[in-house]
Every structure is written in structure tokens, then in C-alpha cells.
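One-letter residues, chain by chain:
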Amino acid sequence: MSELLSKMRAAVQAENLLAASNECRALLAQAPNLGGAWGEVADTALTAGDELTALAAAQKLSEALPDHAESWLWVASVHTALGRHAAAASVLQQQARRFPSNGAVQRRLGRSLLESGQPARAEQAFTVALNIDPSDALSWEGISRCKTFNRGDDDLADMEQLRLNWPSSAGADKRGVLSYAIAKAYEDMGEYETAGRRIAEGAAFYREAAPFDVAKHEAGVDAVLAIYDSRFTLTNDEAGVLDARPVMILAPPRSGADWLAQVLSACDGAAGLARRNAFFWAASSPLGDHTPEHLLHALKVGGRNILADVGRTYLTRLTELVGREPSRIIDPSGLLEVAGGAAGLCLPAARFVRITREPRDAAWSVYRHRFVRGRHWSYHPDDIARVLATHNRLCGRWAELFGDRVLTVAYEDLVAEPQKTVADIARFAGLDPETAGAEAWLTADRLKSEPVGVHQRGGSRFEAVEAALQRAGLI
């Protein structure tokens, strides 16, 4: 058992996600008695972007420790990662009856119900969690997402009271969560200046809890751009797998990528992935650090074309996840902005849809949103501006290298003319424009949470964001 776990941990230490995934699969195949260590396997598989393996490991954990609520929270977490919110809610409803005083179970049940489109039931679950722990910031955040606030709302008063009376032991992350929840309440009431103050306050707490090295990020982007230039891509543009099914969406956060993936995947035979997926990122692990030496080596090792191996691994893992051979794969992964060069080489018939958004709106939308996972750059105006600038540089390079394989659309057009714009995208992607356009028309209301001109709600707090955008050369 220790040897198997050691191999998995070594793969994690080497940051080789594909190897980590494979070691998790090997552990499942041998099925040793790991007990609580199945939680570590589930966590590793989830980090490696292998949700199906993570689910199997989480189920092993629940079999080993059925009387521990944390085991079932793992099962629900992986269902959530897979986008199976109803399945997660079903698991948590059973455990909420078994562990009625466990606030984490009640809160997670609320999240799953909310994502399943059941805000009233979700609010009930969050309320139960708050009865257990009135200072549970994540449950207050859940309440704020379930409702539209009006003046005199008791929940807002309770959140403000908690904000003013946090115990000294309360961490910066909890304070940040609550500030963002309060900001949402003030936005609902149209009190944008107050909302802006709470957003800035929440962002400051989060930056304290999770600092971000933006200079290191910029250096990494510079290295990627130095590798993927026309000399390399023109020489190796047929080295990967010629499969026209992948349609990859490149977009900054809060720019409709998830929505577009869901709309396009409504077409017959298409399959859509979640924004958070890391399928291609994990599959490209054999490319090492993507230095020119690694990439050229990848083209020649053992007489094999490793770029093609990467493409095949990506497509095989996606087919496993979907459970069938999809006619189109719609992938909006946020990691594709960095991995776009590798994706274009490993899948030379893939197409890319790039979404742009007006810089002021893009920056304020990022700043006003609390991201559940990662994106630690989103809590300071200069970090936001500099990362958005690197995003533009990366996506601009992919558009330059891959030419007519890239279609660029504006978020503003998605909002103004969703049916027409999506129909045009569908034609480009080889999908049925009528089906995609109709789905866009039916679901366009989902874009209302990110309206065009949203930066105008920033009030005086937007001044710092605007100045940062100017320093980054975005406006």
C-alpha cells in the first residue's frame, strides 16, 4: 500500500498530472485497504482533472468510513465537479438526515440545491446551517445567492451585525466571503456605492489570505509566448491528431464561456465540459515545461509523436467522461488560454472560439466576484489588469498562429444578439445553427448577471480599477 501511495505522491510532487491520474487508477485497480487515505486519492484525482477516478475513490472512502460525514462530503464534491448537482443533492439529503447537526453537510446541501435550480429549498438548507453556526460566512453567501434583497431585509441586517462583531479568531477568508455576500445584497437594492465599498473590503481580506505573484505569472506567459511562434508551429502543424471534434473556448472570466459551452452542447451529439475542467492541461503533462527542447524532444521520443499521444489521451479521457463518442466536444476550460498553443499543435483540426469583453466591464466583473477556486489575482486592481493583459497577449498569439481556425466574438454581441451570434458560432464549429441559436434565445437571461456596462456600478471604487487598466495599457 505504501509503495502505491508513494508513486502517486511522487507524481504530485513532480506536478505530472497525467502520471498522478494514472497512479490513482492503479490504486483503484488493485483496491488495497486504504481506509481514510482514499480521501487523498480522491483529492489527487480531482486535482489531476480525472473526475471519474475521483468519484470512484470517494465512493471507496464512503465504504471504508460510512459513519463519517466527511466521506459523503467527498462523494458530493466530486458529483459537483462533474456537474451532477442533482446527484450531489441526493447524497447530501440522505446525510443531512443522518447528521442533522453538521453545518457543513447542510451548507453543501444548500449549494447543490441552488445549482440544481431550487433556490427556495437551498435557502432552507442554508438557514439550518446558520442555526447551527450563525457565523458561517459561506452559508450567508448561499443565502445571498438565493434571494433578491429589498430595503429593510433582516438577513442583510444580520450580516452587517456579524461583519461588525467578528471574533478576533475569524480569518481573513471568512471576512472576505461575508463582505462579498453583503455587496451582493446592496447591488440588489441599487446601492452601488455601498456595494463597491464592500467589494473592495472583501477583496482586501482575500488578498491578505491568498497573495498572488503577478510578476511570476507574467514571466511564465512571456516564456510560453517565446516558445509558440510561427517558426515552430508551421514546422509541426500536422504532428498531432487530426480530429475536428474539439471546439475550444478562450475567454476571460465572467465573459459567458460556460453559458456558450452549454448552448453549443445542446446540439445533437455534442458534449460540453465545465469551465473548471483540466482535461487538456493534464493530458499535456508529457510535454514537460513546454520549453523548445521539451517540445522538440516530444516529437522524436522512441519514434513516436508525443503531440499525437497528448491529443489521443485528451480525446480518450473525454469519451470516458461522456460515456459515448461525441460528434463535437465543447471545452471552455480556463486553462486553455495558457495551453492554447499546445492544444493547437496536438489537435491541429480543432477550432477555437475567442470571446473578448470591454476591458472596464471585464475588470469590474472579476473584481466584484468571489471565485470559489483559485484566481487569487482577482482581488487587486493591478493584478486584475495585468492578468487580463497577459490573457489578451496569449489569445492574440493563438489567433495569429492558427488563423482561420479561430473565430473571435465580442461578449457584447452575445448579449445584444444571442441567437444570431451563437448561430454564427455554431456554423463555424460545424454544429446546427438553428438548434444552437434557439437554445441561446431560450437561455440568454443567464447573461443578465453580467450586464454590458457593469463597470458603471463601481462608483468611486472603480477609479482604482480604471487607473490600473490604464497602467496595463488596456484602455
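I will try to describe carefully the structure that is included in this document.

Scoring rules and cut-offs
Residues numbered from 1 in each chain as written. Predicted model: local features only at pLDDT ≥ 70, side-chain atom pairs only at ≥ 80, totals over all residues. Heavy atoms only, no water. Helix = DSSP H or I, 4+ residues; strand = E, 2+ residues; numbered from the N terminus. Contact = heavy atoms within 4.5 Å. Salt bridge = Lys/Arg side-chain N within 4 Å of Asp/Glu carboxyl O. Buried < 20%, exposed > 50% of the residue type's maximum accessible area, 1.4 Å probe, protein only. Pairing = 2+ DSSP bridges. Axes fitted to C-alpha atoms, helices over the stretch in contact; angles between N-to-C directions. Polar contact = N/O pair within 3.5 Å; in protein donor to acceptor, adjacent residues only side chain to side chain. Core = buried A, V, L, I, M, F, W, Y, C linked by side-chain atoms within 4.5 Å. Disulfide = S-S within 2.5 Å. Expected span 1.5 Å × (residues − 1). Arc of directions from axis to C-beta. Phe/Tyr/Trp six-rings, centres within 6.5 Å; stacked < 30°, edge-to-face > 60°. Lys NZ or Arg CZ within 6 Å of the ring centre and 35° of its normal.

## So, the environment of L335
So, step 1. Looking at the element boundaries, L335 is found in the loop between strand 3 (328-331) and helix 19 (336-346).
So, step 2. Distance in space between the C-alpha atoms of L335 and R25 is 23 Å, their sequence separation being 310 residues.
So, step 3. Excluding its chain neighbours within four sequence positions, the residues that come into contact with L335 are N277, A278 and W281.

## Looking at the pattern of salt bridges
So, step 1. Using the criterion set out here, one finds 33 salt bridges in the structure.
So, step 2. Taking the shortest distance from any N to any O, the salt bridge between D424 and K420 comes out at 3.2 Å. Here D424 and its partner K420 are both found in helix 23 (residues 418-429), four residues apart, which amounts to about one turn of the helix.
So, step 3. The class of D424 is partly exposed, set by a relative accessible area of 34%.
So, step 4. Residues joined in a network through salt bridges with shared partners are E187, R254, R357, R368 and E450.

## Quick look at the environment of R276
So, step 1. When you line up the elements, R276 lands in the loop between strand 2 (270-272) and helix 16 (279-283).
So, step 2. By relative accessible area, R276 is classed as partly exposed at 34%.
So, step 3. In sequence terms R276 and A81 are 195 residues apart; their C-alpha atoms lie 8.1 Å from each other.
So, step 4. Not counting the four nearest positions on each side in its chain, R276 is found in contact with L46, A81 and R373.

## Some words on the sheet that holds strand 2
So, step 1. In spatial order, the strands read 2-3-1-4-5; together these five strands make up an open sheet with parallel pairing. The open sheet has two edge strands, strand 2 and strand 5 (406-410), and neither has a second partner. Between one strand and the next, the sheet's axes are offset by a mean angle of 20°, whatever the strand orientation.
So, step 2. Pairing between strand 4 (residues 351-356) and strand 5: five bridges, direction parallel. The residue of strand 5 that forms the bridge with R354 is T408.
So, step 3. Each of strand 1 (246-250), strand 3 and strand 4 is contacted by helix 19, which is oriented at about 145° to strand 1, the strand it contacts most.

## Brief notes about the side chain of R107
So, step 1. Here R107 is to be found in helix 7 (residues 103-115).
So, step 2. A polar contact is formed between the side chain of R107 and the side chain of D136, at a distance of 2.9 Å.
So, step 3. In this structure R107 touches F126, A129, D136, L138 and S139, once residues within four positions along its chain are discounted.

## Describing the nonpolar core
So, step 1. With 60 residues, the main nonpolar core has L156, M159, L178 and Y367 as its most contacted residues.
So, step 2. Looking at which element gives the most residues to this core, the answer is helix 11 (residues 172-188), with eight residues.
So, step 3. If sequence neighbours within four positions are ignored, L156 has contacts with F149, I182, A185, Y186 and M189.
So, step 4. Counting residues in hydrophobic clusters, the runner-up holds 36 residues, among them V241, I306, L315 and L318.

## Overview of the state of the cysteines
So, step 1. Enumeration over the complete set of coordinates arrives at zero disulfides.
So, step 2. Between C346, a free cysteine, and C395, which holds the nearest cysteine sulfur, the sulfur-to-sulfur gap is 17 Å.
So, step 3. Given the relative accessible area of 0%, C346 is considered buried.
So, step 4. For C395, a relative accessible area of 0% corresponds to the buried category.

## Here we look at helix 6 (residues 85-98)
So, step 1. Over its 14 residues, helix 6 runs 20 Å from end to end, which matches the ideal 20 Å to within 8%, given 1.5 Å per residue.
So, step 2. Residues H85, A88, A89, V91, L92, Q95 and A96 constitute the buried set of helix 6. Down the axis of helix 6, the sector holding all buried residues measures 165°, keeping them to one side. Opposite its buried face, helix 6 presents the exposed residues A86 and R97, each directed more than 90 degrees away.

## A short note on the packing of aromatic side chains
So, step 1. One pass over the structure, following the stated rule, counts seven aromatic pairs.
So, step 2. Summarising the aromatic geometry, the rings of Y206 and Y379 are spaced 4.8 Å apart at their centres and angled 25° between planes, so their arrangement reads as stacked. Of this pair, Y206 sits in helix 12 (residues 192-209) while Y379 is found in the loop between helix 20 (359-367) and helix 21 (381-402), placing the two residues 173 residues apart along the sequence. For the pair shown, Y206 and Y379 are each scored as buried.
So, step 3. Aromatic side chains W364 and F462 sit 6.1 Å apart centroid to centroid with 80° between the ring planes, which places their arrangement in the edge-to-face category. Of this pair, W364 sits in helix 20 while F462 sits in helix 25 (residues 462-471), and the two are 98 residues apart along the sequence.
So, step 4. What makes F462 buried here is its relative accessible area of 6%.
So, step 5. Ring pairing ties together the aromatic residues Y180, Y206 and Y379, which thus form one cluster.
So, step 6. Over the ring of F428 we find R351; its NZ or CZ atom is 4.9 Å from the centre of that ring.
So, step 7. A cation over an aromatic ring shows up here: R375 above the ring of F371, its NZ or CZ 5.6 Å from the ring centre.

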